[in-house]
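Remarks on the overall topology
Given next are the chains, with one letter for each unit.
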Amino acid sequence: MLNKAQIRICLDAMGEMFPDAHCELNHSNPFELVIAVALSAQCTDVLVNKVTKDLFMKYKTPEDYLNVPVEELENDIRSIGLYRNKAKNIQKLSRMLIEQYNHVVPRDRDELTNLPGVGRKTANVVVSVAYNVPAIAVDTHVERVSKRLGICRWKDSVLEVEKTLMNKVPKEEWSLTHHRMIFFGRYHCKAQSPKCETCPLLELCREGKKRMKGKAII
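Note that the structure is predicted; figures quoted are calculated from it, not measured.

**Notes on the packing of helix α1 (residues 4-17) against helix α11 (residues 174-187)**
- One can describe the packing of α1 onto α11 by two numbers: an axis separation of 9 Å at closest approach and a directional angle of 70°. As the angle between them shows, α1 and α11 are arranged roughly perpendicular. Here Leu11, Met14, Gly15 and Met17 of α1 come into contact with α11, specifically with Thr177, Arg180, Met181 and Phe184.
- The residue inventory of the contact of α1 with α11, partitioned by class, reads five nonpolar, two polar and one charged.

The structure is reproduced here in structure tokens:
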């Protein structure tokens, strides 16, 4: 496991590699962000952005999503995985926003998780990106990078990864670290073909050293 000084090196290196890391889901307000993140479950941001380009032109408010049959909404998001379930959840959360939250997307993470289709990761993204509340959303990239580097244990659950990162990363850096780790995992430390041979963190990375054993380093 990496110590505090080694983790600092990792955070700084990722910051140098991806200084402009940000949420890549297109949105113009908290409501659109909730919809986009809910759609992104088991789906790429690129595909979500293709769908929401037209979706957000057609649907502006929670009422808009409720004023069409669920079958029509399903057809609008059909290219996205689990589209039937996601369409139902979008309509349910739209109704909740109208009836319980006066059309306002909650700023509180626990309140957000009351919305259908909104889990802890989704809620963390929304409070962080929409409301600038410090949070670390653990998606597959954050989990993979944390475990490969040895910041977290291989056996840690998603919640344990989140809590470990919250303990080991300064609070004021939580949101930025979340985005940088996603970019690092998405574009460098990929699931199938990580760029270990050119990685500035190779000497600290237990997974990288294991993968590079016996290989020539460029």
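**Concerning the packing of helix α9 (residues 140-149) against α11**
- As a packed pair, α9 and α11 sit with axes 8 Å apart at the nearest point and diverge in direction by 80°. Classified by the interaxial angle, the pair formed by α9 and α11 is roughly perpendicular. Packed against α9, whose contacting residues are His141, Val142, Arg144, Val145 and Ser146, the element α11 presents His178, Met181, Ile182, Phe184, Gly185 and Arg186 at the interface.

**Considerations on the confidence of the model for the protein**
- When pLDDT is averaged across the protein, the result is 95; 98% of the residues are at 70 or more.
- Here helix α12 (residues 206-212) is the element of the protein with the lowest mean pLDDT, 91, and helix α4 (residues 62-66) is the one with the highest, 98.

**Let's talk about the environment of valine 118**
- Within the fold, valine 118 resides in the loop between α7 (109-112) and α8 (120-131).
- Sequence spacing of valine 118 and glutamate 24 is 94 residues, and the spatial spacing of their C-alpha atoms is 18 Å.
- When residues no more than four places from it in sequence are discounted, the contact partners of valine 118 are Val34, Leu93, Leu112, Thr113 and Ala123.

**Describing helix α2 (residues 30-39)**
- Most of α2 sits inside the fold, with nine of its ten residues counted as buried.
- Of all the residues in α2, the buried ones are Phe31, Glu32, Leu33, Val34, Ile35, Ala36, Val37, Ala38 and Leu39.
- In this structure, the buried residues of α2 make contact with α3 (45-58), α4, α6 (83-101) and α8.
- Taking the backbone nitrogen of phenylalanine 31 as reference, a side-chain oxygen 3.1 Å away marks asparagine 29 as the first, capping residue of α2.

**A word on the nonpolar core**
- In this structure, Ile35, Leu55 and Tyr65 are the most contacted members of the largest nonpolar core, which totals 38 residues.
- For this core, the secondary-structure elements that each account for two or more residues are α2, α3, α6 and α8.
- Ignoring sequence-local partners within four residues, the contact set of tyrosine 65 consists of Phe31, Ile35, Leu55, Phe56, Tyr59, Leu73, Ile90, Gln91 and Ser94.
- One finds Phe18, Ala21, Cys199 and Leu204 within the second-largest nonpolar core, a separate group that totals 28 residues.

**Comments concerning α8**
- With twelve residues, α8 extends 16 Å from end C-alpha to end C-alpha; this agrees with the ideal 16 Å at 1.5 Å per step.
- Taken together, the buried positions of α8 are Thr122, Ala123, Asn124, Val125, Val126, Val127, Ser128 and Tyr131.
- Contacts from the buried residues of α8 go to α2, α7, α10 (158-168) and α11.
- Asparagine 132 occupies a position one or two residues after α8 and carries a positive phi of about 55°.

**Description of the environment of aspartate 54**
- With respect to the secondary-structure elements, aspartate 54 resides in helix α3.
- Sequence separation of aspartate 54 and alanine 36 is 18 residues, and the distance between their C-alpha atoms is 12 Å.

What counts, and where the lines are drawn
- Residues numbered from 1 in each chain as written.
- Predicted model: local features only at pLDDT ≥ 70, side-chain atom pairs only at ≥ 80, totals over all residues.
- Heavy atoms only, no water.
- Axes fitted to C-alpha atoms, helices over the stretch in contact; angles between N-to-C directions.
- Helix = DSSP H or I, 4+ residues; strand = E, 2+ residues; numbered from the N terminus.
- Parallel < 35°, antiparallel > 145°, perpendicular 65-115°, else oblique.
- Contact = heavy atoms within 4.5 Å.
- Nonpolar A, V, L, I, M, F, W, Y, C, P; charged D, E, K, R; others polar.
- pLDDT = per-residue confidence, 0-100.
- Buried < 20%, exposed > 50% of the residue type's maximum accessible area, 1.4 Å probe, protein only.
- Polar contact = N/O pair within 3.5 Å; in protein donor to acceptor, adjacent residues only side chain to side chain.
- Core = buried A, V, L, I, M, F, W, Y, C linked by side-chain atoms within 4.5 Å.
- Expected span 1.5 Å × (residues − 1).

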